[in-house]
Amino acid sequence: MAMTKHNAGNKNQIFFTSLEELVPQDDLVRKLEACIDWDFIYPMVEHLYSNVGRPSIDPVVLFKMVFINIIFGINSMRRTCKEIKVNMSYRWFVGIGIDQEVPNYSTWSQNYIRRFGDSDVFDQIFSRILEEVLNYGYLDLTTVFGDSTHQKANANKNKFKNEKVELAKKIYEDELLKEINEDRESHGKKPLASIKRTELVFDEKTGEEKEEKETKNIKVSTTDPESGCFHKGEKQKCFAYSHQTFCDRHGFVVEVETVPGNVHDSTSFFRPYEKMLRKYGDDIQNVALDTGYNVPAICKRISDDGKKMFAPYQRARGQKGQIKKKEFEYDKEYDYYICPVGQILKYSTTDREGYRQYKSNPKECATCPLREQCTKSKNMTKVITRHIWQEYKDEVNERRLTEEFKDIYPKRKESIERVFADCKEQHNLRFTRVKGLKRNQHQVLMIFACHNLKKMANWSWDINQSMAKAKSNLLKFYIKIQNLTKMKIKRKWYSYLKTMPTSGDVDSLCHLVGTENSPRFGIVFFLCIFLLYSCGLSER
């Protein structure tokens, strides 16, 4: 074969075409454009613009630039503008002609600072896309899956100052104090004026989980003070933001809230959970969570809401070689614990953290052969604590042995965990370029809105293509049967098939075969009838 040299003259070719012809028919931007009416943005931002003055850049153009930035994983508005200049698909989607200038990258920044930053437009966009997912029928809220993921902040981990701060008040504190006092009064104890605040945190030095009381020492970044120092297990220590997220069985995100990276999952759970219940509480039956959420307060809250909580067992911590708490048997009727050698640990008091204390008789412990493995206290008294809401946690732990748990909980890896993986790899969730809690909340709302939009666009496109193919096959079957049998079939069938839309609206066709409640089954049934007729007649 002879060598061919590249013809450099092709660079100067001039040809006539349209932007529509340059975009492939199966390009992702066509799917995004077809799945939703983008004019929904105008009413959301109309009040942010003046009625007088020079014309502004179309807000739909600005937000579509953001969608391109996130969906295609560009993660830089400056680079996004450069990509739109040379990418015809992007120009087609945004609505900018070949001869038109692309807005400058600073245009979005200034619009965010002056208009969008202090508004709720990002929450509205997220909710509007989710509403469209619900209208398509793709949302399955029978079981929701919750977890949090960390996003590395735009902050130097070596630039910080140490501060001692008080623990914030929890949502359930007033309810807990009320039940503590009721429990104390039932045992003849005086009521308490306040409770002792505790909070699970990850040690910033070792990465191990520990419990802080009343106050905690934290590292505050001098670059981004609203981020939090995150160090969990073997992960690298850094400043980060945590996004508490809930999604449905199909991986559509239904609620998200951003908190500093040093806030434990069990603390950040309540606010987004309550917001989700206000919107979809009637549809939710089950809540599947990770081990970090298996604490009495969360177990009680979900149970009180009439939902089932599914979470794995949280292994109790303790010294190696010591008798574990699970070896002490609790008698609910008489409200005491029985140790492995048969001694009774009676109720002593209910402390300010909500734990009942059960203490052994020191005289009996002094002669016990297992005392060294049981307690090392100088007064020879074994103390067992039990939270006043422990029964709710026990209910969750017992549920993990059921078939329902084995069916629901493994779906976490293909729902919430896959959502985090996809968004980190494809939609800029691994690290953030913006600073501040509010800006990162807006950014993550747009990231998950793009995730939902992309999934909805692909699903709706595939269904529409299947319907178009089904229409084509129906016409082919009709023509084949007509040629074989030369029989007269009602013309309304043929005329209907010729005009049937490809968008999947097949209710009328299915009504003709008596399966209006199941459109897909109706088409399959219709095809089978034609197939049987054609096969039978061809054998003759």
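Draft legend 1. Spotlight on the packing of aromatic side chains. All told, the structure shown has 29 aromatic pairs when counted by the stated rule. Taking 4.9 Å as the distance between ring centres and 50 degrees as the angle between the ring planes, the aromatic pair formed by Phe-72 and Tyr-90 counts as tilted. Of the two residues, Phe-72 is situated in the loop between helix H4 (59–71) and helix H5 (77–86) and Tyr-90 in helix H6 (residues 88–94); the sequence distance between them amounts to 18 residues. On the basis of relative accessibility, which here comes to 9%, the residue Tyr-90 falls in the buried class. Grouping aromatic residues by their ring pairs yields a cluster made of Tyr-172, Phe-246, Phe-269, Phe-270, Tyr-273, Tyr-293 and Trp-389.

Draft legend 2. The nonpolar core, seen in detail. Counting residues in each nonpolar core, the largest one holds 100 residues, and the members touching the most others are Phe-63, Phe-116, Phe-448 and Leu-453. By size, the runner-up hydrophobic cluster in this structure holds nine residues, among which are Phe-328, Cys-339, Leu-345 and Ile-384.

Draft legend 3. Geometry of helix H8 (residues 121–136). The end-to-end C-alpha separation of H8 is 23 Å, in line with the 22 Å expected for 16 residues at 1.5 Å each. Val-121, Phe-122, Ile-125, Phe-126, Ile-129, Leu-130, Glu-132 and Val-133 are the residues of H8 that are buried. Looking at the residues trailing H8, positive phi occurs at Gly-137, about 85 degrees.

Draft legend 4. Representation of the pairing of strand S13 (residues 344–350) within the structure. Bridge analysis of strand S12 (residues 336–338) against S13 gives two bridges, and the strand direction is antiparallel. Across the sheet, residue Tyr-337 finds its bridge partner in S13, namely Leu-345. In sequence, S12 turns back onto S13 through a hairpin of five residues, with Gly-342 there showing a positive phi of about 100 degrees. Summarising the sheet, S13 and strand S14 (residues 355–359) pair through four bridges and their orientation is antiparallel. The residue of S14 that forms the bridge with Tyr-347 is Tyr-358. Where S13 hands over to S14, the hairpin turn is made up of four residues, of which Gly-354 adopts a positive phi near 95 degrees.

Draft legend 5. Summary view of the sheet that holds strand S15 (residues 383–387). Here we have five strands laid out as an open sheet, ordered S11-S12-S13-S14-S15, and antiparallel in their pairing. With partners counted over all chains shown, the strands left at the sheet margins are strand S11 (329–331) and S15, one partner each. Between one strand axis and the next, the sheet turns through 35 degrees on average, direction left out of account. Pairing between S11 and S12: three bridges, direction antiparallel. Pairing of Tyr-330 across the sheet is with Tyr-337, part of S12.

Draft legend 6. Focus on unusual backbone geometry. Here Asn-75, not a glycine, exhibits a phi torsion of approximately 65 degrees, which is positive. Locating Asn-75 in the fold gives a position in the loop between H4 and H5. Positive phi, close to 70 degrees, is recorded for Asn-428, a residue that is not glycine. When you line up the elements, Asn-428 lands in the loop between helix H17 (416–426) and helix H18 (437–485). On the accessibility criterion, Asn-428 (10% relative accessible area) is buried.

Draft legend 7. Spotlight on the environment of Gln-319. Looking at the secondary structure, you find Gln-319 in the loop between strand S10 (308–310) and S11. Note on Gln-319: relative accessible area 53%, which makes it exposed. Distance in space between the C-alpha atoms of Gln-319 and Gln-373 is 9.6 Å, their sequence separation being 54 residues.

Draft legend 8. Representation of helix H12 (residues 296–304) in the model. Listed in full, the buried residues belonging to H12 are Pro-296, Ala-297, Ile-298, Cys-299, Lys-300 and Ile-302. At the C-terminal side of H12, Gly-306 shows a positive phi close to 80 degrees.

Draft legend 9. Broad picture of the packing of H4 against helix H7 (residues 105–116). Orientation of H4 relative to H7, taken along the N-to-C sense of each, is 115 degrees, at an axis distance of 11 Å. For the pair H4 and H7, the crossing hand works out as left-handed. Contacts from Leu-62, Phe-63 and Val-66 of H4 reach H7 at Thr-107, Trp-108, Asn-111 and Phe-116. Its residues assigned to classes, the contact of H4 with H7 comprises five nonpolar, two polar and no charged.

Draft legend 10. The confidence of the model for the protein chain, seen in detail. Within the protein chain, residue pLDDT values average 85, and 86% of them lie at 70 or more. Predicted confidence in the protein chain is weakest over helix H20 (residues 507–512), with a mean pLDDT of 43, and strongest over strand S9 (residues 286–288), with 97. Confidence over residues 486–490 falls short of pLDDT 50; this stretch has four contacts with residues more than four positions distant or in other chains. Segment residues 531–540 is flagged for pLDDT under 50; beyond a separation of four residues in sequence, or across chains, it makes six contacts in the model.

Draft legend 11. Highlighting the side chain of Gln-441. Along the chain, the position of Gln-441 falls in helix H18. For Gln-441, a relative accessible area of 16% puts it in the buried group.

Draft legend 12. Representation of the pattern of salt bridges within the structure. Taken as a whole and judged by the stated rule, the model has 26 salt bridges. Across the salt bridge formed by Glu-179 and Lys-300, the nearest N and O atoms sit 3.8 Å from each other. Here Glu-179, found in helix H9 (residues 173–186), pairs with Lys-300, found in helix H12; they are 121 residues apart in sequence, far enough to count as distant. If you follow the salt bridges from partner to partner, you end up with Glu-175, Glu-179, Lys-300 and Asp-304 in one network.

Procedures and definitions
- Residues numbered from 1 in each chain as written.
- Predicted model: local features only at pLDDT ≥ 70, side-chain atom pairs only at ≥ 80, totals over all residues.
- Heavy atoms only, no water.
- Phe/Tyr/Trp six-rings, centres within 6.5 Å; stacked < 30°, edge-to-face > 60°.
- Helix = DSSP H or I, 4+ residues; strand = E, 2+ residues; numbered from the N terminus.
- Buried < 20%, exposed > 50% of the residue type's maximum accessible area, 1.4 Å probe, protein only.
- Core = buried A, V, L, I, M, F, W, Y, C linked by side-chain atoms within 4.5 Å.
- Expected span 1.5 Å × (residues − 1).
- Pairing = 2+ DSSP bridges.
- Axes fitted to C-alpha atoms, helices over the stretch in contact; angles between N-to-C directions.
- Left-handed = near helix turned anticlockwise from the far one by under 90°.
- Contact = heavy atoms within 4.5 Å.
- Nonpolar A, V, L, I, M, F, W, Y, C, P; charged D, E, K, R; others polar.
- pLDDT = per-residue confidence, 0-100.
- Salt bridge = Lys/Arg side-chain N within 4 Å of Asp/Glu carboxyl O.

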